[in-house]
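# Residue-level structure breakdown
These are the residues of each chain, in order.
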Amino acid sequence: MLKATNIHKSYDDLHVLKGVDIEVNKGELISIIGKSGSGKSTLLHILGSLDIPDQGQVFINDQNIFDKKEKDLSTFRNKHIGFVFQFHHLLAEFDALENVKIPGLIQKTDATALDKKAKELLDYLGLKDRMDHKPGQLSGGEQQRVAIARALINDPQIIFADEPTGNLDKSTSDELHQLFFQLKKDFNQTFVLVTHNMELANLSDRTLEMVDGNIKI
Ligand SMILES: Nc1ncnc2c1ncn2[C@@H]1O[C@H](COP(=O)(O)OP(=O)(O)OP(=O)(O)O)[C@@H](O)[C@H]1O
Ligand SMILES: [Mg+2]
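Parameters and conventions
- Residues numbered from 1 in each chain as written.
- Chains lettered and ligands numbered in written order.
- Predicted model: local features only at pLDDT ≥ 70, side-chain atom pairs only at ≥ 80, totals over all residues.
- Heavy atoms only, no water.
- Helix = DSSP H or I, 4+ residues; strand = E, 2+ residues; numbered from the N terminus.
- Rg over C-alpha atoms; globule rule 2.2 N^0.38 Å.
- Buried < 20%, exposed > 50% of the residue type's maximum accessible area, 1.4 Å probe, protein only.
- Contact = heavy atoms within 4.5 Å.
- Core = buried A, V, L, I, M, F, W, Y, C linked by side-chain atoms within 4.5 Å.
- Pairing = 2+ DSSP bridges.
- Axes fitted to C-alpha atoms, helices over the stretch in contact; angles between N-to-C directions.
- Near = heavy atom within 4 Å.
- Polar contact = N/O pair within 3.5 Å; in protein donor to acceptor, adjacent residues only side chain to side chain.
- Areas by Shrake-Rupley, 256 points an atom, 1.4 Å probe, with all protein chains shown as cover.
- Nonpolar A, V, L, I, M, F, W, Y, C, P; charged D, E, K, R; others polar.
- Lys, Arg positive; Asp, Glu negative; His and termini not counted.
- Salt bridge = Lys/Arg side-chain N within 4 Å of Asp/Glu carboxyl O.

For the rest of this paragraph, the subject is the overall build of the protein chain. Along the protein chain, the regular secondary structure elements total seven helices and 10 strands. The C-alpha atoms of the protein chain give 17 Å as radius of gyration, which agrees with the globular expectation for 217 residues (17 Å, within 12%). Counting only C-alpha atoms, the protein chain reaches 50 × 40 × 30 Å along its principal axes. When burial is assessed residue by residue, the protein chain has 50% of its 217 residues classed as buried.

Rendered as structure tokens:
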């Protein structure tokens, strides 16, 4: 599903990633842990094609993502990769349903099918009665569930989440963690999660620790 080899990334003379290798199988839920500043977000952004490595390659379903032209890469990213961040990054002017549909609109999905799919997802995520709420009218946990629905709308190959529950209280975090496992079970969804939450890490299929610019073996 995902294979990255020898990923290097520096910011000026700060060598953040020093030859990271990682493989993720379909349906796996992987946690990446490590101290603040150890390069977790940097790695996640590169794996998700949001940032370019100085060296190394990333394959998603056998496609070398950095071999693609910028336009093809953004199409690929929109179609095959889902993101959930610590702060939801929902658009404040649009309601939950509209926010969920945006990646599908970019993909030019048929409007009726897209509307149906977005509603089904929001329903599945327990937000049936919140579809017409704007982000400011939703709780933190609800906002993250909308962000998860948005990440799922194009049936991505893989979802990357960077501290998706870092901003939430414990019980809301626990609920969202359960949701990740439910999505894995129901849809064989593949996840790479960056987290400081050891409970979540311990429940994952594998936990990888970033230490000194690399994944600790
Ligand atoms: N755009 C940038 N320009 C310069 N330095 C950067 C940039 N992005 C990250 N860094 C530096 O790279 C290092 C790794 O940052 P990164 O955000 O990947 O850490 P992290 O493991 O995600 O930390 P946290 O747990 O706090 O989120 C840090 O020292 C950070 O200051
Ligand atoms: Mg980070």
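Turning our attention to the environment of Leu114. Mapped onto the elements of the fold, Leu114 is located in helix α4 (residues 111-124). Judged by its relative accessible area of 3%, Leu114 falls in the buried class. Residues Leu114 and Val100 lie 14 residues apart in sequence; the distance between their C-alpha atoms is 9.5 Å. The residues contacting Leu114, other than those within four sequence positions of it, are Lys101, Gly104, Leu105, Thr109 and Ile153.

When you line up the elements, Thr165 lands in the loop between β7 (158-162) and α6 (170-187). C-alpha of Thr165 to C-alpha of Glu175: the two residues are 10 residues apart in sequence and 9.7 Å apart in space. Here Thr165 is in contact with Ser173, Leu176 and His177, once residues within four sequence places are set aside.

What follows is about helix α2 (residues 70-80). All buried positions along α2 are accounted for by Leu73, Phe76, Arg77, Asn78 and His80. On the buried face of α2, the contacting elements are β4 (55-60), β5 (63-64), β6 (81-84), α3 (96-106) and β7.

The subject of this paragraph is the nonpolar core. Of all hydrophobic cores here, the largest spans 32 residues; its most connected members are Val84, Val100, Leu122, Val146, Ile148, Phe191 and Leu193. Examining the composition of this core, we find that six residues originate from one element, helix α5 (residues 140-152), more than from any other. Among the nonpolar cores identified, the runner-up in size contains 29 residues, and Leu2, Ile65, Phe76 and Ile215 belong to it.

Bringing the sheet that holds strand β9 (residues 206-211) into the picture now. Sheet architecture is open: six strands sit in the order β6-β7-β8-β3-β9-β10, paired in mixed fashion. Both edges of this open sheet fall to β6 and β10 (214-215), since each of them pairs with a single strand only. Along the sheet face, helix α1 (residues 40-47) touches β3 (29-34), β7, β8 (190-194), β9 and β10 and points at about 155° away from the line of β7. Of the strands in this sheet, β6 and β7 are in contact with α5, which crosses β6 at around 170°.

Another point: the site of ligand 1. Among the 13 residues in the neighbourhood of ligand 1, the closest are listed as Ser36, Gly37, Lys40, Ser41 and Thr42. In this structure, Ser36 approaches ligand 1 through a side-chain N or O atom, which is 2.5 Å from an oxygen atom. In this structure, Glu163 approaches ligand 1 through a side-chain N or O atom, which is 3.4 Å from an oxygen atom. Considered on its own, ligand 1 offers 630 Å² of accessible surface; in the complex 59% of this is hidden by protein. For the shell around ligand 1, the secondary-structure elements that each account for two or more residues are β2 (14-24) and α1. Per-element accounting of the shell around ligand 1 gives the leading share, three residues, to α1. Here the shell around ligand 1 is composed, by residue class, of three nonpolar, seven polar and three charged.

Across the sheet, which stays open at both edges, the four strands sit in the order β2-β1-β4-β5 with antiparallel pairing between neighbours. What marks the edges here is a single partner per strand, and that holds for β2 and β5.

Considering the arrangement of structural elements, one finds Asp162 in strand β7. Of the side chains bearing the opposite charge, Lys40 lies closest to the buried Asp162, which forms no salt bridge; the N-O distance is 7.0 Å. A polar contact is formed between the side chain of Asp162 and the side chain of Ser41, at a distance of 2.6 Å.

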